[in-house]
Amino acid sequence: MVPKTRKSLISATLVVALLGPLAGLAAHRAVRRHDDRALLERFEEEVAETAQQLESEVGEGRRAVVATAALLSTGEATTSADFSRFAVELMARGSPLQALSWAPLVPRDGRLRHEAQMRRERGAGYTITERSATGALVPAAARERHFPVSFIQPVAGNEAAIGFDLGSDPVRLRMLNLAAETGRPAISGSILLVQESGLSMGFLLAVPVFRAAADGDGDRHLAGFATGVFRVEDLVAGAFPSRGAGGSEDMAIELVDSGNFIAAAAASPAPGERGLAGVVVRRDLTLDGRTWTLVARPTPGYLARAARNPSLAIGFGVTLACELLLALALTTNRWSSEKGRRERAEFARSVIHSVSEGVMVADASGRMTVVNEAARRVLGWGPLDLPRAEWSRAFGLFLPGTNLHFPTEQLPLPRAVRGEHVPETEVFVRNAQVPDGAWTSVTGAPLRDGAGRLLGGVVVFRDVTDQKRAHELSQRLSSAIEQAADSVFITDRTGAIEYVNPAFETTTGYSRAEAVGHTPALLKSGQQSADYYATLWATVTGGLPFKGTVVNRKKSGEHFVAEQTITPMRDLTSGEITHFVSVMRDMTERITLQERELEMRLGRSVQQRLFPQAPPLVEGYDFAGAVTPASATCGDYYDFIPLPDGRLAVIVADVSGHGVGSALIMTALRAYLRSLTAALTSLERLAGELNRLLFADLEEQRFVTMILAVLDGTSGAVSWANFGHPSGYVLDRSGAVKAELRSGCRPLGLFPDLACSGGTPVALEPGDALILFTDGILESTSPEGREFGPATTLDVLRAARDRSADETAAELIAASRAFARGGPQLDDLTVVVCKRRIQG
């Protein structure tokens, strides 16, 4: 039979041997969870970038449809050739749209006339169609109103949509009704596109087109809708950022509208790749008042590239430590079982006093029987015959990181005396003989005789103060470098990169795996001379730090300006240079910001001098103008220009876009107007020449809307023209609308020729007011999403009808800003007021 003591030893050995792998597994899983959390945060940032790109793509398409509506809203009938020429120009600029189309309003009694006209243009096969229950296109049923697609660009691939009645489908009809009611762009839900043969989904964006009635009753009526067609799969694919930063190899995404899946990009990830494989990230997108949801999942490739596994090494280290403890426990037991008690004790004392680790032994009553020299050096030369309850206070034993004495019964030695095997435990020692304190690592085990009876306990501890402090310092330095905002990389003496921190990866676009093993030459932009690098290398190999400003190149090819310091590292023993540490700060954004701020200050200063410094002095009239820019520079413009024949030109204009580019166009517009008005007084000739000059100057997708009114101060007569600008108003002394100055011309600068008809002249009577403004007033938006709009604008003007022109302009701008209730100002606000005084 196996002796009882040997059975106990075997059992204890098996238990401790199993505890080591279990502890290692627990450490491995803890580190793995930490890595997965960091990976999830980075993936969520990449999903947010993709969502922003989707919203931007739809915004680009929206601008193209709005420009198309501006063309179609002129008083002239637009031909198929006009529409095609205009649409081809817009689509050639990289529009995300699949197609641009025009769907006029065709009443029931005008259907035959419309179909006959379109057959002459399109061919004998044209008819107004709708979808049957099986999905086939059939002649549309009779309705009060039809909205057939009459013009579409490009035609190729979209032939099936020609003649399709948008009002025949409930989803499309709701979009049209919303756009007509609000006068604003509206977006449909997800739909099956007529021109698609498969199950590809899409959606439409409609902008209402209003025209003056043919009978000249002064009202504008709905003429139809300019529509943009989005193919959702193309939109989703185009929204991915550049490769390696959240592209289709990194995430599988789906676009969901009201709970219905409508598009996907990339394959779904295989389950079980790692802990993050089941993660789903959702981001809501707001597209013209409609909320869709972007659903993203990381792909296996993304997880494989991002995987880091220091957890395996940590788990192995924990397992090894436990197994070493097992070895120590077995050695202690072996000592207690070899020879007789007296010989074993003598031998143990000899061994214990010769080892460098501290050793303390206590008998079953808790009396210390052995304390070796190493233990005395660590603990100090305190008394050894103290009661066990006073050990912690007498020796100055503290819980690590606190000022609390270690509870005596939880110390490793009392626990070992009670029969426990004590794993590695940290105890901090501070007393009169060790005033600076010392960190100790303690393990303990019970002492038993051959029969298994408990004889006492033994602890082994070592001073780990130097290692602890060095480790803490190393951890702090490593953490500081890892979390530093500046890029840090370390090379060996030959210049080969051995380490880069996360900021280096973010700044340069090169991952750690891509950079390590290469030299910093992978960042060369070619803008530094060979002499620059020769000086750098001579300085650092000579043992001196090098500081300089360098233009580097990212992985994407983009250049960036960096302040760089390179410091040689020396071996502490030999003094030889072994490595170079480079700290690199990306200064591109700061330099760009400084240049932009300077540009903005100069632009604002110049622009402020271009606005009228004082209102004109015309007897019997009160003038005022006010501008509140959305940014440092402004794309709005107003002016009062005396004409050679004694009349006064009153102008309000709005350049598309914002910022410095729009401000420069505004400056050119002012110069052209002042030059032309000095020689021309005819509205038609002045507008035509101004359009020609702007068309030659403006870049793609730039245009100008404007109201130009000419006032005869003697008679009060006002002649005017509106070039795609929001309506101005003439109010009588009671606040009633006397005249609305609606758009009858195309915006300036879009086309080389300008077909335009001036508005019906109106006379300003005493007490009447002419008010002109830009669309920033109308489009101020409340937190609930409502716009300020024309009705609220007129209410404010009526309430201020008895105030001066200056007070009226200020009141309208203040009311528009108050309506937003602290929300951001998204557009410039401009108001011009001309009031004819009541005499007497």
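Up top is the structure.
In this text, all values refer to a predicted model and were calculated from it rather than measured experimentally. (Residues numbered from 1 in each chain as written. Predicted model: local features only at pLDDT ≥ 70, side-chain atom pairs only at ≥ 80, totals over all residues. Heavy atoms only, no water.)

A. Representation of the side chain of Thr408. Assignment of secondary structure puts Thr408 in the loop between strand 17 (397-398) and helix 11 (412-417). Classification of Thr408 by relative accessible area gives buried; the value is 13%. Residues in contact with Thr408, not counting those within four places in the same chain, are Arg388, Ala389, Ser392 and Pro414. (Helix = DSSP H or I, 4+ residues; strand = E, 2+ residues; numbered from the N terminus. Buried < 20%, exposed > 50% of the residue type's maximum accessible area, 1.4 Å probe, protein only. Contact = heavy atoms within 4.5 Å.)

B. Structural detail: the sheet that holds strand 21 (residues 487-492). Strands sit in the order 22-21-25-24-23 across an open sheet of 5 strands; the sheet is antiparallel. Both outer strands of the open sheet, strand 22 (497-500) and strand 23 (546-553), are each paired with one neighbouring strand and no more. Within the sheet, the average angular offset between the axes of one strand and its neighbour, ignoring direction, is 30°. Sheet analysis places strand 21 next to strand 22, joined by 3 bridges and oriented antiparallel. Residue pairing in the sheet places Phe489 in a bridge with Val500 of strand 22. Helix-sheet contacts for helix 15 (residues 530-541) involve strand 23, strand 24 (559-570) and strand 25 (577-586), and the interaxial angle to strand 23 is about 140°. (Pairing = 2+ DSSP bridges. Axes fitted to C-alpha atoms, helices over the stretch in contact; angles between N-to-C directions.)

C. Structural detail: the pattern of salt bridges. What the rule picks out here adds up to 26 salt bridges. Residue Arg119 is joined to Glu115 by a salt bridge in which the shortest nitrogen-to-oxygen separation is 3.8 Å. With Arg119 and Glu115 both in helix 3 (residues 111-122) and 4 residues apart, the pair spans about one turn of that helix. Of the charged contacts in the structure, one is a salt bridge between Asp449 and Arg453, with a shortest N-O distance of 2.9 Å. Connected via shared salt-bridge partners are Glu409, Arg415, Arg418 and Glu420. (Salt bridge = Lys/Arg side-chain N within 4 Å of Asp/Glu carboxyl O.)

D. Representation of the environment of Leu522 in the model. Within the secondary structure, Leu522 is located in the loop between helix 14 (512-515) and helix 15. Take Leu522: its relative accessible area is 15%, and that puts it in the buried class. Each C-alpha atom, one on Leu522 and one on Thr508, is 9.9 Å from the other, the two residues being 14 residues apart in sequence. In this structure Leu522 touches Ile497, Tyr510, Glu514 and Arg553, once residues within four positions along its chain are discounted.

E. Fine view of the nonpolar core. Ranked by internal contacts, the top residues of the largest apolar core, which has 70 residues, are Leu100, Leu166, Phe203, Leu255 and Leu294. For this core, the leading source of residues is helix 1 (residues 4-72), giving 12 residues. Ranked by size, the runner-up nonpolar core spans 50 residues in total, among them Leu676, Leu698, Val710 and Ala739. (Core = buried A, V, L, I, M, F, W, Y, C linked by side-chain atoms within 4.5 Å.)

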